Amino acid sequence: MTVVLSGAGTEEKFVELQLKRLSNSKKNWPDIDAIKGVFCCKRTDISDYVQEHWKEDAFFGYQYLNGTNPMLIRRCSALPDNFPVTDDMVFPRGQGSLRNEMKKGNIFLCDYKLLDGVKANTINEKQQYLMAPLVLLHKTPDDKLMPIAIQLKQTPADDNPIFFPTDSEYDWLMAKIFVRSADFSEHQLNVHLLRTHLLAEVFAVSLLRNMPMVHPLYKLLIPHTRDTLEINFFARHFLISKNGIYPKIAASGREGMMTILKRSLSSMTYSSLCIPDDIAERGVEALPNFYYRDDGLKLWDIIQRFVQGVLSYYYKNDTEVQTDSELQKWISDIFEHGFLSQAGTGIPKSFTTLSELVKFVTMVIFTCSGQHSAVNTGQYDYGGWMPNTPSTMQLPPPTTKGTTSEARMLQTLPNKGTTAKTMAALWLLSKEPSDFVPLGQYPEDHFSERIPCGLIKVFKGELEVLSAVINIRNQNLDVPYTYMDPMKVENSVAL
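Being a predicted model, the structure only gives us computed values, none of them experimental.

Engineer: Give a description of the state of the cysteines that names residues and reports values.
Structural biologist: A disulfide bridge is the covalent bond that connects two cysteines by way of their sulfur atoms. Taken as a whole and assessed by the stated rule, the structure comprises zero disulfides. Here Cys-368 stays unpaired: no disulfide links it, and the sulfur of Cys-274, its closest cysteine neighbor, is 13 Å away. Judged by its relative accessible area of 2%, Cys-368 falls in the buried class.

Engineer: So, the layout of surface pockets: which residues are in play, and what are the values?
Structural biologist: Regions of empty space are outlined by a rolling probe, equal in size to a water molecule, passed over the atoms. Taken as a whole, the largest pocket spans an internal volume of roughly 560 Å³. Elements with a contribution of two residues or more to the lining of the largest pocket: strand 1 (74-75), strand 2 (107-111), helix 7 (169-210), helix 11 (253-267) and helix 13 (275-282). It is helix 7 that contributes the most residues to the lining of the largest pocket, four residues altogether. For the lining of the largest pocket, the residue count by class is seven nonpolar, five polar and nine charged.

Engineer: Quick rundown of the side chain of Asn-491? Include the residues and the values.
Structural biologist: As for its position among the elements, Asn-491 is in the segment after helix 21 (450-474). Here Gln-441 takes part through its backbone oxygen, which lies 2.8 Å from a polar atom of the side chain of Asn-491. The residues contacting Asn-491, other than those within four sequence positions of it, are Pro-223, His-224, Cys-368, Ser-369, Val-437, Pro-438, Leu-439, Gly-440, Gln-441 and Tyr-442.

Engineer: Lay out the pairing of strand 6 (residues 145-151) in plain terms, naming residues and giving numbers.
Structural biologist: In terms of residue burial, strand 6 counts as a mostly covered element, since six of its seven residues are buried. Pairing analysis gives six bridges linking strand 5 (residues 134-139) to strand 6, with the strands arranged antiparallel. Note on strand 6: the bridge partner recorded for His-138 is Met-146. As paired strands, strand 6 and strand 7 (residues 162-163) are joined by two bridges and run antiparallel to one another. Residue pairing for strand 7: Gln-151 is matched across the bridge by Ile-162.

Conventions used here
- Residues numbered from 1 in each chain as written.
- Predicted model: local features only at pLDDT ≥ 70, side-chain atom pairs only at ≥ 80, totals over all residues.
- Heavy atoms only, no water.
- Disulfide = S-S within 2.5 Å.
- Buried < 20%, exposed > 50% of the residue type's maximum accessible area, 1.4 Å probe, protein only.
- 1 Å grid on protein atoms, 1.4 Å probe; cavity = no way out; pocket = protein on both sides within 12 Å on 5 of 7 lines; lining within 4 Å.
- Points joined across faces, edges and corners; volume = space filled by probe spheres on them.
- Helix = DSSP H or I, 4+ residues; strand = E, 2+ residues; numbered from the N terminus.
- Nonpolar A, V, L, I, M, F, W, Y, C, P; charged D, E, K, R; others polar.
- Polar contact = N/O pair within 3.5 Å; in protein donor to acceptor, adjacent residues only side chain to side chain.
- Contact = heavy atoms within 4.5 Å.
- Pairing = 2+ DSSP bridges.

These figures capture arrangement, not role.
Below is the structure:
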């Protein structure tokens, strides 16, 4: 593993990004142009696009599909009781009705209820603010996903206004910024840390504890555990520890992080880890321009065919699965220690059929490769331009409309030091390591039999075809979606 998440490693990133002079500053940004000055040190094509378009409603909606957190959006068929939006609020002059648009499948909801009541952090002895917003989005006739209403706290109240695109420029912009800041904590802790890094560790530890090296499942999965335990060790010490980077930059902080992780684990289900089930459950099968879904489903299918072929070679029937004691110990360990023996999660505690085993192993490989890439690789692309994804907010949101201004926005956004630390961390986390191993590449030949070796060749070939298809599609996009391109997906959670 070539990337070191030590204090020295982070220091190098500050130097590389030319941010060292800012890292300890407690001063606020005097204007947006000042942020541009520091942002120009390291840019990507997408981060440039973000800087130009971050204020636009269409781009705000687009990020729920193809940004770093494509896991929250779901079709809305009935408004939650705590989000009292009416037709005349979002369709002035009788231009439409929520009921009709819901029936057509055009209304979507992003609900950050996981963050409700989380104790916000204190940074540099200054109280920070973390909201738990509700966001209503509308798919327009030209296939854009537009935000139409934002409520920043879960409980409706006079001092918790619902914001609309028709509000003043800064009222509406600040509402969106508070949402993007909430998304930072939801994404980092639930979607990224728990659902890829910590899950991958559960799978890896159980594999090492229960599977001998000659076992076919060991041979199949060990390449997808490379460097996972090491990277998580460093993350625990240098990113999420009491003195780590995360508590210094995020509104959720250390105490809030533990609350969010507990809630996230208790609400995690097996179906939400399997992209075909998850997409169907969220009702987003037909949502246009959802490249995470399109590429992810194809990648899942390729992995599943490969897993089916390999495991069918070793297990001729369901009885052989049931009587494999090492296999049953592996899943039992995962059920007990990874999911705390909660049957309600849907995680199997034993395998009774080959098809059950194939699905679970497909989920493991997908989680450790494609899913991690989808929620990790774009972090600097979308978060390098700080106003698009603030890690924290220094002032509370407005309680009445018409009180927000550019000056208030600049006082609310993270200060210079927090911005610099966050930029360095996101650059570090998104950078491809020099020892990168793409999905489907197996430098160590664990399999020697002719049929499994042939299946690996077929697997590689299908991944190359998918990569070519994605590249052709991306040529016609303003913002290419590359995070599920198999040639850019790492074999394991190694960063």
